[in-house]
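Analysis of the macromolecular model
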Amino acid sequence: MRMTVIGTGYVGVVHAATMADLGHEVLGVDIDEDRIAALADGTPPVYEPGLQDLLQRTLASGRLRFTCDMSEVAGFAPVHFVCVGTPQMPGSKSADLRSVEAVVDGLAPHLHPGDLIVGKSTVPVGTAVRLAERLRTRAPGAGIAWNPEFLREGFAVRDSASPERIVVGVSSAHGESVLRRIYAPMLRAGVPFFRTDPNTAELVKVASNSFLATKISFINAMAEVCDAVGADVVTLAEAVGADSRIGPRFLQPGLGFGGSCFPKDIRGFMARAEELGVGGAVSFLQEVDEINTRQRVRTVDLATRLVGGDFAGLNVAVLGAAFKPDSDDVRDSPALAVADALQRKGARVRVHDPEALDNARAAVPTLQYTLDVPKACEEADLVLHLTAWPEYQAIDPVALALLVREPVVLDARNALDAQLWRESGWSVHAPGRPQPQE
Ligand code: UDX
């Protein structure tokens, strides 16, 4: 089938390349000329395992092409996936829908009866219904469907090719049949398919993200309680997660969530629920958000206590800038927020990250950055482990102890082998974990 994918950020590039890999003819579209030139050359705009290979393979197949020319779009295909960003609006909890609206309004005059716009962007519930209303007069006979994307950064290629479910919110049998044909190879492979109305489809996305964010904040709240009584949140999480009704995933206690989705999606959900008169139903998300932000403050407070209250003249090594491992994304990154806060308290902060340094430097230019872990830790008075890249778990703590001024590590992700580090001469501190008894 022929289709366009409008917006070539995370979701758009991965979706376009995955669709071409399934055998479809895909035109990727964006207004950013540099990005389109790089994509046409096989260079993805983000670091994502497997994406460059997939992109180059599908470009070489001739089934994937990129353009900045919006006038090509409507003539190219009868199906248009909308994958543009819906960031949080400055000064408000709500999502900014201007890009989505601009794409739909731009397409409308060129659409033919039977053409289908398929939204993948995360939007407040009711958006598709409202956009369909706009299309009714501007593009009679064209339809709109919502088909949320659940991919995780770091696993985006895998999640897109083998999703755990496909959710399509449609208002016509035609919309369903088009989407069933597009995803036919995945449906044949047994991927569950949920056909619903557009409102429910939009809600599935924000409900899923809200649940996961709640799970993370729940375990971080338990870490706070553990700290108050000297209990161990890591063992607690394992034991709680062993209940099959709860499950162990997303119960990793630590610095909390960041990135482009969870924070803005739960805030957008609260704002939309307020508009709908059901704000009380999701007001717990305010607490989820506050627990999450508090983990950053708690980490800074613990770091401050560990250096005796004053960072003046002290070197702090920060391991990790990305909001999570296997990503170069620093949007709302807890790691970068903590690094920045420590610098504001007077520390000399050197940050290491294997992939996110360019983005981190652009976001917080005043920090020192290095691609070398030993260099980050040289003469450090405190080492903070803030993003759980696997390579940090492979650090030799004996060798690292020789480089630092004080062998003190704050493992804010609860991911280092505390016993090994202690045996190597380190004083190890982590949220929700007791200090060993002498
Ligand atoms: C998320 C959703 O998982 C995905 O389905 C949606 O499409 C987009 O938002 P992503 O932002 O890529 O994906 O990251 P995810 O792996 O879900 O992690 C989010 C954050 O939670 C990260 O900062 C991570 O470090 C943190 N996290 C995750 C925890 O602190 N503890 C955990 O147990 C799990």
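Residues numbered from 1 in each chain as written. Predicted model: local features only at pLDDT ≥ 70, side-chain atom pairs only at ≥ 80, totals over all residues. Heavy atoms only, no water.

Taken together, 19 residues surround the ligand, and among them Phe 150, Leu 151, Glu 153, Gln 252 and Lys 324 come closest. Separating an oxygen atom of the ligand from a backbone N or O atom of Glu 153 is a distance of 2.6 Å. In the environment of the ligand, an oxygen atom lies 2.8 Å from a nitrogen or oxygen atom belonging to the side chain of Lys 324. Burial of the ligand by the surrounding chains reaches 90%, relative to a free accessible area of 670 Å². For the shell around the ligand, the element with the highest residue contribution is helix H10 (residues 198–229), accounting for three residues. Of the residues belonging to the shell around the ligand, the class tally is nine nonpolar, four polar and six charged. (Near = heavy atom within 4 Å. Polar contact = N/O pair within 3.5 Å; in protein donor to acceptor, adjacent residues only side chain to side chain. Areas by Shrake-Rupley, 256 points an atom, 1.4 Å probe, with all protein chains shown as cover. Helix = DSSP H or I, 4+ residues; strand = E, 2+ residues; numbered from the N terminus. Nonpolar A, V, L, I, M, F, W, Y, C, P; charged D, E, K, R; others polar.)

A word on the packing of aromatic side chains. In total, this model carries three aromatic pairs according to the counting rule given. Consider the rings of Phe 257 and Phe 262, whose centres lie 5.7 Å apart with planes at 90°: the pair is edge-to-face. In terms of burial, Phe 257 and Phe 262 fall into one category: buried. A network of ring pairs unites the aromatic residues Phe 250, Phe 257 and Phe 262 as a single cluster. For the cation-ring pair, Arg 152 lies above Phe 155, with the distance from its terminal atom to the ring centre recorded as 4.3 Å. (Phe/Tyr/Trp six-rings, centres within 6.5 Å; stacked < 30°, edge-to-face > 60°. Buried < 20%, exposed > 50% of the residue type's maximum accessible area, 1.4 Å probe, protein only. Lys NZ or Arg CZ within 6 Å of the ring centre and 35° of its normal.)

Another aspect to go through is the nonpolar core. Val 316, Leu 342, Val 349, Val 383 and Leu 384 are the most contacted members of the largest nonpolar core, which totals 49 residues. Of all the elements, helix H14 (residues 334–344) adds the most residues to this core, at five residues. Here Leu 342 is in contact with Val 300, Ala 303, Phe 311, Val 316, Ala 347, Val 349 and Leu 384, once residues within four sequence places are set aside. (Core = buried A, V, L, I, M, F, W, Y, C linked by side-chain atoms within 4.5 Å. Contact = heavy atoms within 4.5 Å.)

Right, let's get into the pattern of salt bridges. Under the counting rule described, the total for this entry stands at 25 salt bridges. Arg 57 serves as the salt-bridge partner of Asp 21, at 2.8 Å between the closest nitrogen and oxygen. In this pair, Asp 21 is assigned in helix H1 (residues 10–21) and Arg 57 in helix H3 (residues 51–61), connecting sequence segments 36 residues apart. Put simply, Asp 159 and Arg 152 hold a salt bridge, and the shortest N to O gap is 2.8 Å. (Salt bridge = Lys/Arg side-chain N within 4 Å of Asp/Glu carboxyl O.)

Glancing now at the domain arrangement of the protein chain. In terms of domains, the protein chain is made up of domain 1 (2–196) and domain 2 (197–438). Taking the mean C-alpha position of each, domain 1 and domain 2 sit 32 Å from one another. Counting residues at the interface gives 31 residues for domain 1 and 31 residues for domain 2. For the pair domain 1 and domain 2, the two sides together bury roughly 2600 Å², of which 57% comes from carbon and sulfur. Together, Tyr 47, Lys 93 and Val 125 form the three largest contributors to the area buried by domain 1 at its contact with domain 2, with a combined 29%. (Domains from an automatic or database assignment. Buried area = accessible area lost by both parts, 1.4 Å probe.)

Moving on: the side chain of Asn 209. Tracing the chain through its elements places Asn 209 in helix H10. When its relative accessible area of 8% is taken as the criterion, Asn 209 is described as buried. Once you skip the residues sitting within four places of it in the chain, Asn 209 turns out to touch Cys 261, Phe 262 and Asp 265.

All right, on to the packing of helix H12 (residues 262–275) against helix H13 (residues 284–306) then. Closest axis-to-axis distance for the H12/H13 pair is 9 Å, and the angle between their directions is 155°. Taken together, the axes of H12 and H13 lie roughly antiparallel to each other. Classified by chirality, the crossing of H13 by H12 is left-handed. Contacts from Ile 266, Arg 267, Phe 269 and Met 270 in H12 reach Leu 285, Gln 286, Val 288 and Asp 289 in H13. Tallied by class, the residues present in the contact of H12 with H13 amount to five nonpolar, one polar and two charged. (Axes fitted to C-alpha atoms, helices over the stretch in contact; angles between N-to-C directions. Parallel < 35°, antiparallel > 145°, perpendicular 65-115°, else oblique. Left-handed = near helix turned anticlockwise from the far one by under 90°.)

Attention now moves to the environment of Leu 371. Turning to its location among the elements, Leu 371 is positioned in the loop between strand E11 (368–370) and helix H16 (373–377). Placed 103 residues apart in sequence, Leu 371 and Gly 268 show a C-alpha to C-alpha distance of 36 Å. Setting aside its immediate chain neighbours within four residues, Leu 371 contacts His 352, Asp 353, Pro 354 and Leu 357.

Within the fold, Ser 121 resides in the loop between strand E5 (116–119) and helix H6 (127–138). According to the relative accessible area criterion, Ser 121 is buried, its value standing at 7%. Sequence-distant contacts of Ser 121, that is, excluding residues within four places in its chain, are made with Val 82, Cys 83, Val 84, Thr 86, Val 100 and Trp 146.

So, on to unusual backbone geometry. Of note in the backbone geometry, Asp 326 takes a positive phi value of approximately 65° without being a glycine. Within the secondary structure, Asp 326 sits in the loop between strand E9 (315–319) and H14. Owing to a relative accessible area of 27%, Asp 326 belongs among the partly exposed residues under this scheme. Of note in this structure, Asp 332 is not a glycine but carries a positive phi near 45°. Inspection of the secondary structure puts Asp 332 in the loop between E9 and H14.

All right, on to H13 then. Taking 1.5 Å of rise per residue, 23 residues should cover 33 Å, and H13 covers 33 Å from first to last C-alpha, within 8% of that figure. Listed in full, the buried residues belonging to H13 are Leu 285, Val 288, Asp 289, Ile 291, Asn 292, Gln 295, Arg 296, Thr 299, Val 300, Leu 302, Ala 303 and Thr 304. Where H13 is buried, its residues meet H10, H12, H14, strand E12 (382–385), strand E13 (408–411) and strand E14 (427–429). (Expected span 1.5 Å × (residues − 1).)

Attention now moves to the sheet that holds strand E10 (residues 348–352). One open sheet holds the six strands; their spatial order is E11-E10-E9-E12-E13-E14, and the pairing between them is parallel. Here the strands that pair on one side only, and so sit at the sheet edges, are E11 and E14. Across this sheet, the average inter-strand angle for adjacent strands is 20°, counted without regard to direction. Across four bridges, the pairing between E9 and E12 is parallel. If you follow Val 316 over to E12, its bridge partner there is Leu 382. Its contacts with the sheet put H13 on E12, E13 and E14, and the angle it makes with E13 is roughly 170°. Docked against the sheet, H14 engages E9, E10, E11 and E12, running at close to 160° with respect to E10. (Pairing = 2+ DSSP bridges.)

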